[in-house]
Amino acid sequence: MAWGKKVSAGPLLNQERALALLERTLSSGELPPAYLFVGPHGVGKEEAALALAQSLNCQSGAGEEGPDLFEAAGSSSSEPHSGIRALRGCGICSACSRIGRYSHPDVIVRMPLPRPRGGKKGDPADPTDVLAFKADNPYRDPEISTGSLSIGIADVREIIPQLAYAPVEGGKRVVIFRESERMTEEAQNALLKSMEEPPPHTIFILTTHRPNALLPTVRSRSRIVHFRPLKAEEISYYLREHGIASGDEMNVAQLARGSLKRAICIAEGGVPGREEAVRLLSWAVEGRNREALAWAAGYTFKTSGVMLTEARSVLEELLSLARDVAVVQSGGKVALMNPDRADMLRDVGRRAPDGAGLQALEAVTDACGEVDSNVNLALIYATLFDALIPLGIH
Ligand SMILES: [Zn+2]
């Protein structure tokens, strides 16, 4: 499957509200020192950050002649598209194309990469390689083997001295921190100084799906732009256009929860953590304590960044399953997040005692917080399993 640059423009098509807000600040000429792009994974936040960088640095005279980012995604789109000019630069001049390839000297992109942890040397990924991969695969993540994934103070310290100088090519310097919820507190504090006294010609863009994981001071210094989950029709349109999940686009899109990244994961054979989450839930419902506890015990002493990332994925999936049980129990008409497991979830919801779904939801939420505060994974899973057992009591 070819992943040329052009495929990446898709999801931006339907973020009119976010793009219109950016467009307004652009045309007012009063850019804030920092933006915080908030929204789920895989809905076009990074794409929008690059588009903004392109329109600020385009060599062919702003984005007025650029491609229309608001073209409709199939007939299903009900959002208005008129009256908003394209935000992006021309997309083809040297500056635009280098920004799209992450190789423009004034557009600096940082993302969580493995750090040595606890004195042990990690397996640091080369940022250049990672960015080259992202340029070709905007909705996939490269496999990074070990270490704790974070944006550390070294990343920020490396950038700050550059900000004292004018942009190399005379445009606007754009510093993008992807998945900024993984910035260490130290790194955020170091960045904060620059955000408070913004260097001329520089704008920061932080993207995140968990804004509350950032320091309140960082949030309050940033102009927040919300990106919405994509509609299933939009995702299925994109998949069809790019030959992904042929013939099964709509089913995949229904499971994607508004994220193109998730849709591509599903199409390519699985969402991280989903299988484990479904298994853990089944064990609880069937009262198979021995299997569950043996599985949990396998996580004793496993604290690498990759393990924690994996655990977050399992818990995220479990959260959606517990939420669906709670939805069934509430008798509401809200759509399930796991329609492919609807039979099982409805069965669990109907048979379990009232309120068991909500309690499970709370227990999983607690477990999510514990993963972030570095509690032993084996203990987290074992405690969580205990809390899920009521789902199996009839
Ligand atoms: Zn251009």
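Residues numbered from 1 in each chain as written. Predicted model: local features only at pLDDT ≥ 70, side-chain atom pairs only at ≥ 80, totals over all residues. Heavy atoms only, no water.

Considering the coordination of the zinc ion
Looking at the metal site, the zinc ion is ligated by C58 (SG), C90 (SG), C93 (SG) and C96 (SG), spaced 2.3 to 2.4 Å from it. With 4 donor atoms in place around the zinc ion and angles of 103 to 118° between them, the coordination shape is tetrahedral. Read in sequence order, the donor residues for the zinc ion give the motif C-x31-C-x2-C-x2-C. C93 carries the same exposure label as C90, and that label is buried. (Donors = N, O, S within 2.8 Å, 3.2 Å for Na, K, Ca; no water. Tetrahedral: all angles 85-135°; square planar, octahedral: opposite > 155°, others 65-115°. Buried < 20%, exposed > 50% of the residue type's maximum accessible area, 1.4 Å probe, protein only.)

Re the side chain of E181
Looking at where E181 falls in the secondary structure, it is placed in the loop between β5 (173-177) and α6 (185-196). Once you skip the residues sitting within four places of it in the chain, E181 turns out to touch T207, T208, H209, R210, A213 and L214. (Helix = DSSP H or I, 4+ residues; strand = E, 2+ residues; numbered from the N terminus. Contact = heavy atoms within 4.5 Å.)

Side note on the side chain of S55
With respect to the secondary-structure elements, S55 resides in helix α2 (residues 45-57). When near neighbours in sequence (up to four residues on either side) are disregarded, S55 contacts L26, L87, R88 and G89.

Topic: the packing of helix α15 (residues 356-372) against helix α16 (residues 377-388)
Two elements in contact, α15 and α16, have axes separated by 9 Å at closest approach and are oriented at 175°. With respect to α16, the axis of α15 lies roughly antiparallel. For the pair α15 and α16, contact is made by A360, A363, V364, A367, E370 and V371 and by L377, I380, L384, A387 and L388, respectively. The class makeup of the residues in the contact of α15 with α16 is 10 nonpolar, no polar and 1 charged. (Axes fitted to C-alpha atoms, helices over the stretch in contact; angles between N-to-C directions. Parallel < 35°, antiparallel > 145°, perpendicular 65-115°, else oblique. Nonpolar A, V, L, I, M, F, W, Y, C, P; charged D, E, K, R; others polar.)

Things to note about unusual backbone geometry
Unusually for a residue other than glycine, E179 sits at a positive phi of about 45°. With respect to the secondary-structure elements, E179 resides in the loop between β5 and α6. Even without glycine at this site, H201 takes up a positive phi of about 65°. Along the polypeptide, H201 turns up in the loop between α6 and β6 (202-208). Residue H201 is classed as partly exposed on the basis of its relative accessible area, which comes to 43%.

Structural notes on the pairing of strand β1 (residues 34-38)
Most of β1 sits out of view: 5 of its 5 residues are buried. Alternating residues of β1 divide into A34, L36 and V38 and Y35 and F37, and every residue in both groups is buried. Relative to β6, β1 runs parallel, the two being bridged by 5 bridges. Within the sheet, the bridge partner assigned to V38 lies in β6 and is T208. Here β1 runs beside strand β7 (residues 223-226); their pairing, made up of 4 bridges, is parallel. Bridge pairing in β7 links V38 to H226. (Pairing = 2+ DSSP bridges.)

Quick word on the packing of aromatic side chains
Under the defined criterion, the tally for this structure stands at 6 aromatic pairs. Arranged with centres 5.2 Å apart and planes meeting at 65°, the rings of W295 and Y299 form a pair that is edge-to-face. For the residue pair W295 and Y299, the accessibility class agrees, reading buried in each case. Through pairs of rings, three or more aromatic residues link up here, namely W283, W295, Y299 and Y381. (Phe/Tyr/Trp six-rings, centres within 6.5 Å; stacked < 30°, edge-to-face > 60°.)

Some details on α15
Three- or four-residue spacings in an α-helix give side chains the same orientation, since the helix completes a turn every 3.6 residues. The end-to-end C-alpha separation of α15 is 25 Å, in line with the 24 Å expected for 17 residues at 1.5 Å each. When α15 is considered as a whole, its buried residues turn out to be A356, G357, A360, A363, V364, A367 and V371. Buried residues along α15 cover an arc of 120° about the axis, so they all sit on one side. Set apart from the buried face of α15 by more than 90 degrees, the exposed residues are L358, E362 and D366. In the stretch just after α15, N374 is the one whose phi turns positive, near 65°. (Expected span 1.5 Å × (residues − 1). Arc of directions from axis to C-beta.)

Looking at the nonpolar core
Formed by 46 residues in total, the largest nonpolar core has its most connected members in F37 and L260. Among the elements that take part in this core, α2 stands out by supplying 7 residues, more than any other. In this structure, F37 is in contact with L22, K45, A48, A49, I205, L206, T207, T208, V225 and F227, ignoring residues within four places of it in sequence. Residues A277, A284, A322 and I380 belong to the second largest nonpolar core, which totals 36 residues. (Core = buried A, V, L, I, M, F, W, Y, C linked by side-chain atoms within 4.5 Å.)

A closer look at the environment of L358
Position of L358 among the secondary structure elements: in helix α15. Since its relative accessible area comes to 51%, L358 is described here as exposed. As for L358 and A326, which are separated by 32 residues in sequence, their C-alpha atoms are 5.3 Å apart.

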